[in-house]
Amino acid sequence: MSFAAVKFINQKTEELQKKISRTKRTLIAVSGGVDSMTCAMLARKALGGNIIVLFLDDGLMREGEPEEIRKFFDNAGIELQIWDVKDKFFDGLKGKTDPEEKRIVFRDLFYKTLGQAVKSYSVDFLIQGTIAADIAETQKGIKTQHNVLSQIGINPAHFGLKIVEPLREIYKHQVREVAKKLGMPKKFADRKPFPGPGLATRIIGEVTPERVEKVRKATKIVETAITGESIFQVLAVLMSDRATGMVNGKRVYGDIIAVRAVNSKDALTAQPSKIPWPVLYKIRDRILEEVPEVVKVVYDITPKPPSTIEYI
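Here's a quick rundown of the structure. (Residues numbered from 1 in each chain as written. Predicted model: local features only at pLDDT ≥ 70, side-chain atom pairs only at ≥ 80, totals over all residues. Heavy atoms only, no water.)

This paragraph deals with the overall build of the protein. Each helix and strand in the protein was counted, giving ten helices and ten strands. Relative to a compact globule of 312 residues, whose C-alpha radius of gyration would be 20 Å, the protein shows 20 Å and is just as compact. Dimensions of the protein, computed from C-alpha atoms along their principal axes, come out at roughly 70 × 40 × 40 Å. With the model as given, the accessible surface of the protein reaches about 14,500 Å², and the carbon-plus-sulfur share is 51%. Of the side-chain charges in the protein, 50 are positive and 39 negative, and the distance between the mean point of each set is 3 Å. (Helix = DSSP H or I, 4+ residues; strand = E, 2+ residues; numbered from the N terminus. Rg over C-alpha atoms; globule rule 2.2 N^0.38 Å. Areas by Shrake-Rupley, 256 points an atom, 1.4 Å probe, with all protein chains shown as cover. Lys, Arg positive; Asp, Glu negative; His and termini not counted. Charge placed at Lys NZ, Arg CZ, Asp CG, Glu CD.)

Pasting the structure below:
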């Protein structure tokens, strides 16, 4: 059965109005991804101007992310609050190398910070962009999504939160339809998925500002080079091990960057995208030039399953 985006919007608008009074301020946490941005637009439609949109600048986002998000909300006539919490997140992730441990650290810091925001702004509810795939993967134990609490036995009240998840019943392709019907520009509605923990999910091993900067540069390169509606997600990953290389005739040990691009509809399964060799060569050359610590660039051809789309 086809998905009716307008019907969904009307239904969720009514539900939000019943659950949250238009006289009460509500907090929406946005990351720059289509899920959270769609929640913000839906909340504005349902609740009017009595909303607070908050972006946590945790230092783990893509290049220029805070500026891009501010511009989007300025154009939409919605005030955006930005909290600089980089030090808090890097301190929390220091020394952590286990993938699940890093996700848990991020989740706890994320919700503790939002709990502080709830108190600071004196709001009753937090609206967030949890979608069906987040819940399915968490319940199956594939990986703990940072924005799923009740499914893993954590009461949101522990963080001082009353959480509302208007998109929890639908998948990414349906979220995009809703976004477009709400008037979101195609640039944002069709934006490739980007995880809540950001570039922390694209680093194998410890997450440090220096390592994040390397993968941030590589991310910009691959996202610029690999485009098109058939591509569901594209990413660069910094590996933990180092490889032997040759620079100026001398043997060195350098970083390894893995490039990944997949085709998928709902993120539950995925196939590697068949990227033309000239495009891969261009990506390789730019990464080697712009991230000089890298000595190897590889392309990941693993489907999901057995792999996941992200690396942690």
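The subject of this paragraph is the nonpolar core. A general feature of soluble globular proteins is that nonpolar side chains tend to end up buried together. Core analysis: the biggest nonpolar cluster contains 93 residues, and Leu27, Val30, Phe73 and Ile287 have the highest contact counts within it. Not counting chain neighbours up to four residues away, the residues in contact with Leu27 comprise Ile52, Leu54, Leu114, Ala117, Val118, Tyr121, Val123, Phe125, Leu126 and Ile127. (Core = buried A, V, L, I, M, F, W, Y, C linked by side-chain atoms within 4.5 Å. Buried < 20%, exposed > 50% of the residue type's maximum accessible area, 1.4 Å probe, protein only. Contact = heavy atoms within 4.5 Å.)

Relative to strand β8 (residues 250–263), strand β7 (residues 243–247) runs antiparallel, the two being bridged by five bridges. Within the sheet, the bridge partner assigned to Thr244 lies in β8 and is Tyr253. As consecutive antiparallel partners, β7 and β8 are separated by two residues, and within that stretch Asn248 has a phi angle of approximately 55 degrees, a positive value. (Pairing = 2+ DSSP bridges.)

Right, let's get into the packing of helix α2 (residues 34–47) against helix α7 (residues 172–181). Axis separation between α2 and α7 bottoms out at 10 Å; the angle between their running directions is 35 degrees. By crossing handedness, the relation of α2 to α7 is classed as left-handed. For the pair formed by α2 and α7, the contact residues are Val34, Asp35 and Thr38 on the first element and Lys172, Val175, Arg176, Val178 and Ala179 on the second. (Axes fitted to C-alpha atoms, helices over the stretch in contact; angles between N-to-C directions. Left-handed = near helix turned anticlockwise from the far one by under 90°.)

Okay, helix α1 (residues 5–19) next. For α1, with 15 residues, the first-to-last C-alpha span of 21 Å sits near the 21 Å given by 1.5 Å per residue. Residues of α1 that are buried: Ala5, Phe8, Ile9, Lys12, Thr13 and Leu16. The arc that holds the buried residues of α1, viewed along the axis, is 135 degrees, so those residues lie on one side. Turned more than 90 degrees away from the buried face of α1 sit Lys7 and Lys18, all of them exposed. Of the surrounding secondary structure, the elements contacted by the buried residues of α1 are α2, β4 (125–127), β5 (163–164) and α7. (Expected span 1.5 Å × (residues − 1). Arc of directions from axis to C-beta.)

Considering all chains together, one arrives at eight aromatic pairs under this definition. Between Phe3 and Phe8, the aromatic rings sit 5.7 Å apart at their centres with planes inclined by 55 degrees, giving tilted as the arrangement. A relative accessible area of 21% means that Phe3 is categorised as partly exposed. What links up through ring pairs into an aromatic cluster is the set Phe89, Phe106, Phe110 and Tyr111. The ring of Phe194 has Arg62 sitting right over it, with the charged end atom 4.1 Å from the ring centre. Seen from the ring of Phe125, Lys162 lies directly overhead, with NZ or CZ sitting 5.8 Å from the centre. (Phe/Tyr/Trp six-rings, centres within 6.5 Å; stacked < 30°, edge-to-face > 60°. Lys NZ or Arg CZ within 6 Å of the ring centre and 35° of its normal.)

Moving on to the pattern of salt bridges. Taken as a whole and assessed by the stated rule, the structure comprises 24 salt bridges. The residue Arg107 makes a salt bridge to Asp108 at a minimum N-O spacing of 3.4 Å. Put simply, Arg286 and Glu290 hold a salt bridge, and the shortest N to O gap is 2.8 Å. Taken together, the residues span about one helical turn, with Arg286 and Glu290 both in helix α10 (residues 277–290) at a distance of four residues. Here Arg286 falls in the partly exposed class, since its relative accessible area comes to 27%. Beyond isolated ion pairs, a larger network of salt bridges with shared partners links Arg62, Glu65, Arg191 and Glu223. (Salt bridge = Lys/Arg side-chain N within 4 Å of Asp/Glu carboxyl O.)

The next subject is the sheet that holds β4. Think of a sheet as strands paired side by side through backbone hydrogen bonds, with each pair either parallel or antiparallel. Sheet architecture is open: five strands sit in the order β3-β2-β1-β4-β5, paired in parallel fashion. Edge positions in the open sheet fall to β3 (80–84) and β5, since each of these has one partner strand only. Both β4 and β5 contribute to a ladder of two bridges, which runs parallel. Following the sheet pairing, Leu126 is matched in β5 by Ile163. Strand contacts of helix α5 (residues 99–121): β1 (26–30), β2 (51–57), β3, β4 and β5, with the helix running at about 145 degrees to β2, the strand carrying the most contacts.

In short, shape yes, function no, at least from these values alone.
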